[in-house]
Amino acid sequence: LHTPTVNMALLPKVLLNRCIIRRARSASYSTSSILQSAVPLPTHTNRGSKNDYHQNGYGKIVAVSSVPSSDVLPTTVHTHFTELRHSSPMRLVPSRRTNPTAYNTQHRRENGASNRSHHREGVLLHLSSYGGGLVPGDKLNLDIDVRGKGAMLAVMTQGGQRIYRPGEHFRRYENYNYEISAALSKPNPEMNSLKVCQSTINCTIEPGATLFYLPDPTVPYRSSAFEERRVFNCQFASAASDNNNNDQGSLIAVDWYSSGRTYSTDIEERWAFDYLATRTELYITDESHHEHGRPDLIESLSFGNKGVSSRSPPAAASMGQSFDAMATLLLHGPTSLPVAKRAMEVERKLAEKLTRIRRDDSVFEEQANGDIDGLDELLESLGGQVLLSVTPVEHNSDNQQKQSQSHNNTHMVRIIAENNEDVYRALHFCLKKCSEHFGGLEPYKERIHSSKTVREKSIPLSMQQEKETRENKGEDLEAIVDQLGLFPVQNNNKNHNNNAWFRMCTLSDSSLPVGSFAHSQGIEAAAQMQLFRDSDHTDPLLAKNLSQSCSIEALSDFVYSVSRSNARFSTPLVMAGYFLMQQSEQGLELDELHQLWSKIDDYTDTMLITNRPGRRASIDQGLGLVRIASSFSDDCDINHDSGNTADLWALISQSIDKNGMDAMQSRRPPTNGSSQTKGHAAPIYGILSAKLGITPLDSCRVFAFGAARDAVSAAVRLNLIGPAAGLSLLDRVGRKAVEDGLEEGLVGMLYSSREELGCDEFSSAMIDRWLQSVHTCAPMLDAAQPLADLLQVRLFRT
């Protein structure tokens, strides 16, 4: 402790709690005391647990600029730490800047005098952990505050974070997994929490400040379980301040996962974890308001491999036969715009190598003036296939100031690659200009070890999974719906059952006029990005004939991941819509129905906002369902004229934002914010199914079947596969994928709503918990689908 004013009575407590305080000795740092950090960190215990295996690590980082928020930025702005502490298994290691003065002098000489104003020097910190990874039961909680105009903080890691498999003392518990048998047996949540490694990161970035969160990949090993939640609150200046584009918080955050040990020959270890879930929430708030409200962006992935009998886990199929790394780069604020520009150019160059793209939809007009320096070298250095897509996020808000602040300032970059080094290269290229804020330190540069990535081709175990559905899975799914306890037993009247069966067939029929066959479920973009390329066919002339060069195995994996992810994503939303119709029939007030409908639809829109083609397809089909709802006769409907059913449909039709839909069809952001709903397909499908008397489980199953059917149909029309082979693919792959996705969706709903079970009265909290269980599980689809807007020649609308 480098200070003479230490209270020695506190020293044993500080050391006992493994609290580290480092006092900055640089002249540019603040000289104020930071002894307020030297307090014992709270010890979180697992209450009620007989054997506490939890390792709770807590970290706190506060970085403050040398400029008060009310002042104008001077020529140079310094950032310093005012609070820094941690407890095991988390470690925070502050790093010294590398001669920033010399670098800044050279940088200004090379770039001219125009860059002399508003130069900001940030601080750097590395995250680490004792043992190089997390063991079952570890929980990490990190709070980050970046305060003041011009403040800049970069948080990096010393290496990849490993998630280790559980030991023998965990395996004796039968109910630590997330499969359907565990949900039916009402597992002890305590055992689940002992099994899963958890990480929670809460970040607040004040107006004018910037956070760079740039970790190395997380590596979940076989049989491991990991759950991460990241919350970023980017603030903008209140209306009372002098408002400009720089008075908002900026964020550049990486989320990155690797497949594990890919060269194991004895047992499949590629993407062989038991459970992996990651959730990112972005809030854009006024600095004068402390309440967050609804997130402006949600990115949520969830995988479950437990209970799978096939040799290759479903997560491996969702990543394709060769992709061993997936990453997202969340960009927001003015500091992130140069990064977004470079990422968009990489996206276009990578796509141009594979297909023809359009050049008139670029957000940055200056991109047409020439290539960015170093881009050709990047493309030559890549050693495997890399898929990179950039999605500009369109925020819809009633707050006009928030709408103007966030316009074209938020982007989601998705990357999947065959190896980690190519991801390092892509991220290093995109983030290279950020080095001017950290004394010339280029993010991820030290991770690149050669001029070109060289990867030895592994011989993976067979990716062709046995598409066998468990014998009693249908009965198990029905049991989960019964445990939810919110859906009454269906009428046993023979006439009613026959009508419901016939209408279920009608909803699943290809002639239903909702435009579902106008969308390819990502198949068209994936085909033009050559994700189905047969590695045995190297002849470029043969490669132009998709039907001869398509790998049926790769196509099967993609259809499986698309169908499973759609079922996983849509099941809670269809159930929420179904429940909404039931509440309408039971006489719930229209005001409450409108609030519930707006909540469900807004949440769906927030989940899809980083996937523009998928979002347009969902809204397009939702409007089609609203249009055909009146075509079904009510003479056989037992719910005819009951409650507020007719009023609910009128409410939904009137609340849908037609102007916003027109803007999305033209792929341009709306001119102003709107509180009207969008009309997404999944919840509307649940409402219509409940109106027609179809059971809740059949509603989810038929909706998911439609997505699988459309994906296979798109493959047939693109000449990737023949009609007979497509039928076989749908039966062999789609059936298994739909059931797996339904299982994960229902189990997620059951786990998220356990606190509300047994409550007979209606609770809005139940809907909230169901919505929080919405996830996707197809990173390859998420990365490929946004590229549909780049394609010059397209057969499908999305």
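For every chain, the first residue of the written sequence is number 1, and numbering continues from 1 onward in sequence order. Per-residue local features of the predicted model are confined to residues with pLDDT of at least 70, and side-chain atom pairs are confined, for both listing and counting, to 80 or more; whole-chain, interface and lining totals are unaffected and use all residues. The side-chain numbers reported here are obtained from all heavy atoms of the structure, hydrogens and water having been left aside.

S.K.: Hey, could you run me through the nonpolar core in this one?
M.R.: For soluble globular proteins, the rule of thumb is that nonpolar side chains tend to be buried together. Only buried residues count toward a nonpolar core. Its members are Ala, Val, Leu, Ile, Met, Phe, Trp, Tyr and Cys residues joined through side-chain atoms within 4.5 Å. Buried residues are those whose accessible area, probed at 1.4 Å on protein chains only, stays under 20% of the maximum for their type, while exposed residues exceed 50% and partly exposed ones sit between those limits. Ranked by size, the top nonpolar core spans 154 residues in total, and within it Ile144, Leu153, Leu211, Ile523, Leu531, Phe532 and Leu555 carry the most contacts. The element that contributes the greatest number of residues to this core is helix α16 (residues 552-585), accounting for 16 residues. When near neighbours in sequence (up to four residues on either side) are disregarded, Leu153 contacts Ile61, Ala63, Phe81, Val123, Ile144, Val146, Thr210, Leu211, Phe212 and Phe438. Of all hydrophobic cores here, the second largest spans 40 residues; its members include Ala154, Leu379, Leu427 and Phe429. The numbering of helices and of strands both runs from the N terminus, where a helix is a DSSP run of H or I of at least 4 residues and a strand a run of E of at least 2. By definition in these notes, contact holds between two residues if any of their heavy atoms fall within 4.5 Å.

S.K.: It is not clear to me how a negative patch on the surface should be interpreted in this structure. Could you clarify?
M.R.: Among the surface-exposed residues, Asp373, Asp376, Glu377 and Glu380 lie close enough to one another that they form a single negatively charged patch. Note that Asp373 resides in the loop between α7 (337-352) and α8 (375-381). Using a relative accessible area of 68% as the deciding quantity, one classes Asp373 as exposed. Each patch is built from residues lacking any salt bridge and having more than 30% relative accessible area; the joining distance is 9 Å for like charges and 5 Å for nonpolar side chains (Val, Leu, Ile, Met, Phe, Trp, Tyr). Calculation of accessible area relied on Shrake-Rupley with a 1.4 Å probe; when residues are assessed, cover is drawn exclusively from the protein chains displayed. One side-chain nitrogen of Lys or Arg within 4 Å of one carboxyl oxygen of Asp or Glu is enough to make a salt bridge. Only four residue types enter the charge count: Lys and Arg as positive, Asp and Glu as negative, with His and the chain ends excluded. Charged groups are reduced to one reference atom each: NZ for lysine, CZ for arginine, CG for aspartic acid, CD for glutamic acid.

S.K.: Any chance you could explain the packing of aromatic side chains here in plain terms?
M.R.: To describe a pair of aromatic rings, you give the distance between the ring centres and the angle between the ring planes. Two aromatic rings, drawn from Phe, Tyr or Trp (for Trp, its six-membered ring), form a pair once their centres lie within 6.5 Å of each other, and the interplanar angle then sorts them: stacked below 30 degrees, edge-to-face above 60, tilted otherwise. A complete count under the given rule lists 11 aromatic pairs for this structure. Considering the side-chain rings of Trp256 and Tyr424, the 4.6 Å spacing of their centres and the 70° angle between planes classify their relative orientation as edge-to-face. Placement of the pair is Trp256 in strand β14 (residues 250-258) and Tyr424 in helix α10 (residues 420-431), with a sequence separation of 168 residues. Both residues of the pair, Trp256 and Tyr424, belong to the buried class. An aromatic cluster is defined as three or more aromatic residues linked by ring pairs; in this entry it consists of Trp256, Tyr424 and Tyr444. Geometry around Phe429 places Arg342 over its ring, the cationic atom sitting 4.1 Å from the centre. Either the NZ atom of lysine or the CZ atom of arginine qualifies as a charge over a ring when it sits within 6 Å of the ring centre and within 35 degrees of the ring normal.

S.K.: Just to check I follow, could you spell out the pattern of salt bridges for this structure?
M.R.: Should their charged atoms come close, side chains of opposite charge can pair. Counted under the stated rule, the structure contains 26 salt bridges. In this structure, the salt-bridge partner of Arg147 is Asp145, at a minimum N-O distance of 3.0 Å. Among the ionic pairs, Arg701 bridges to Glu739, the shortest N-O distance being 2.9 Å. Of this pair, Arg701 sits in helix α22 (residues 696-717) while Glu739 sits in helix α23 (residues 723-752), and the two are 38 residues apart along the sequence. Each of Glu394, Asp605, Arg612 and Arg615 takes part in salt bridges that share partners, so that together they form one network.

S.K.: It is not clear to me how the environment of Gln621 should be interpreted in this structure. Could you clarify?
M.R.: On the secondary structure map, Gln621 appears in helix α18 (residues 612-628). Taking relative accessible area as the criterion, Gln621 reaches 16% and is therefore assigned buried. When the C-alpha atoms of Gln621 and Tyr685 are compared, they prove to be 9.5 Å apart, with 64 residues separating the residues in sequence. Setting aside chain neighbours within four positions, we find Gln621 in contact with Val514, Ser516, His519 and Ala681.

S.K.: Is there a simple way to explain helix α17 (residues 590-608) in this structure?
M.R.: For the α-helix, the turn length of 3.6 residues means that residues three or four positions removed from each other point alike. By this rule the span expected of a helix is its residue count minus one, scaled by 1.5 Å. For α17, built from 19 residues, the straight-helix expectation of 27 Å at 1.5 Å per residue is met to within 8% by its first-to-last C-alpha distance of 27 Å. Taken together, the buried positions of α17 are Leu593, Leu596, Trp597, Ser598, Ile600, Asp601, Tyr603, Thr604, Asp605, Thr606, Met607 and Leu608.

S.K.: Teacher, can you tell me more about the packing of α16 against helix α24 (residues 764-772) here?
M.R.: Helix packing geometry: the angle between the two helix axes and the distance between the axes. A fitted line through C-alpha atoms serves as each axis, taken over the contacting stretch for helices, and the angle formed by two N-to-C directions is quoted from 0 to 180°. Remark: α16 packs on α24, axes separated minimally by 9 Å, with the N-to-C direction vectors making an angle of 160°. It follows from the interaxial angle that α16 and α24 lie roughly antiparallel. Considering only the axes of α16 and α24, their crossing is left-handed. Note on element contacts: α24 touches α16 through Ile767, Trp770 and Leu771, opposite Pro572, Leu573, Met575, Ala576 and Phe579. Each residue belonging to the contact of α16 with α24 can be placed in one class, and the counts come to eight nonpolar, no polar and no charged. An angle counts as roughly parallel when it lies under 35 degrees, as roughly antiparallel when it exceeds 145, as roughly perpendicular when it falls between 65 and 115, and as oblique in every other case. By convention the crossing between two helices is left-handed if the near helix lies anticlockwise of the far one by an angle smaller than a right angle, and right-handed if it lies clockwise. Ten residue types, Ala, Val, Leu, Ile, Met, Phe, Trp, Tyr, Cys and Pro, are classed as nonpolar, four, Asp, Glu, Lys and Arg, as charged, and the remainder, Gly among them, as polar.

S.K.: How do you make sense of the pairing of strand β5 (residues 123-129) when you look at a structure like this?
M.R.: One face of the sheet, then the other: side chains in a regular strand alternate in exactly this way. Most of β5 sits inside the fold, with seven of its seven residues counted as buried. In β5, alternate side chains face the same way, and those of Val123, Leu125, Leu127 and Ser129 on one face and Leu124, His126 and Ser128 on the other are all buried. As paired strands, strand β3 (residues 90-95) and β5 are joined by six bridges and run antiparallel to one another. Among the inter-strand pairings, Val93 is bridged to a residue of β5, identified as His126. Strands qualify as paired when DSSP identifies two bridges or more between them. Bridge analysis of β5 against strand β8 (residues 152-157) gives five bridges, and the strand direction is parallel. Among the inter-strand pairings, Leu125 is bridged to a residue of β8, identified as Val155.

S.K.: Explain empty space enclosed by the protein here, please?
M.R.: Once rolled over the atoms, a probe with the size of a water molecule shows which space is left empty. Cavity and pocket criteria rest on a 1 Å grid covering protein atoms alone: a 1.4 Å probe that fits but cannot get out defines a cavity, protein on both sides within 12 Å along at least 5 of 7 lines defines an open pocket, and an atom within 4 Å of a point defines a lining residue. Grid points are joined across faces, edges and corners, and a volume is the space filled by probe spheres set on the points. Tallying each qualifying case throughout the model produces nine cavities of 30 Å³ or more. Volume-wise, the largest cavity comes out at about 750 Å³. Lining the largest cavity are 44 residues; nearest its centre among them are Gln521, Asn566, Ser618, Gln621 and Phe703. The biggest single contributor to the lining of the largest cavity is α22, with six residues. Considered class by class, the residues forming the lining of the largest cavity number 18 nonpolar, 20 polar and six charged. Of the pockets and cavities examined, the second largest cavity occupies roughly 160 Å³. Along the walls of the second largest cavity sit 18 residues, with Glu299, Leu301, Met326, Ala327 and Thr328 positioned nearest its centre. At the level of elements, β14, β15 (275-286), β16 (297-304), β17 (325-332), β19 (410-417) and α25 (779-784) are the ones that each hand at least two residues to the lining of the second largest cavity.

S.K.: What's the story with unusual backbone geometry in this structure? I'm lost.
M.R.: Note: most peptide bonds trans; most residues except glycine with negative phi. Here the residue pair Ser88 and Pro89 is connected by a cis peptide bond, since its omega of 10° sits within 30 degrees of zero. Mapping Pro89 onto the fold places it in the loop between β2 (76-86) and β3. One non-glycine residue, Ser223, lies in positive phi territory at about 70°. Checked against the element boundaries, Ser223 lands in the loop between β12 (218-220) and β13 (225-236). Classification of Ser223 by relative accessible area gives buried; the value is 17%.

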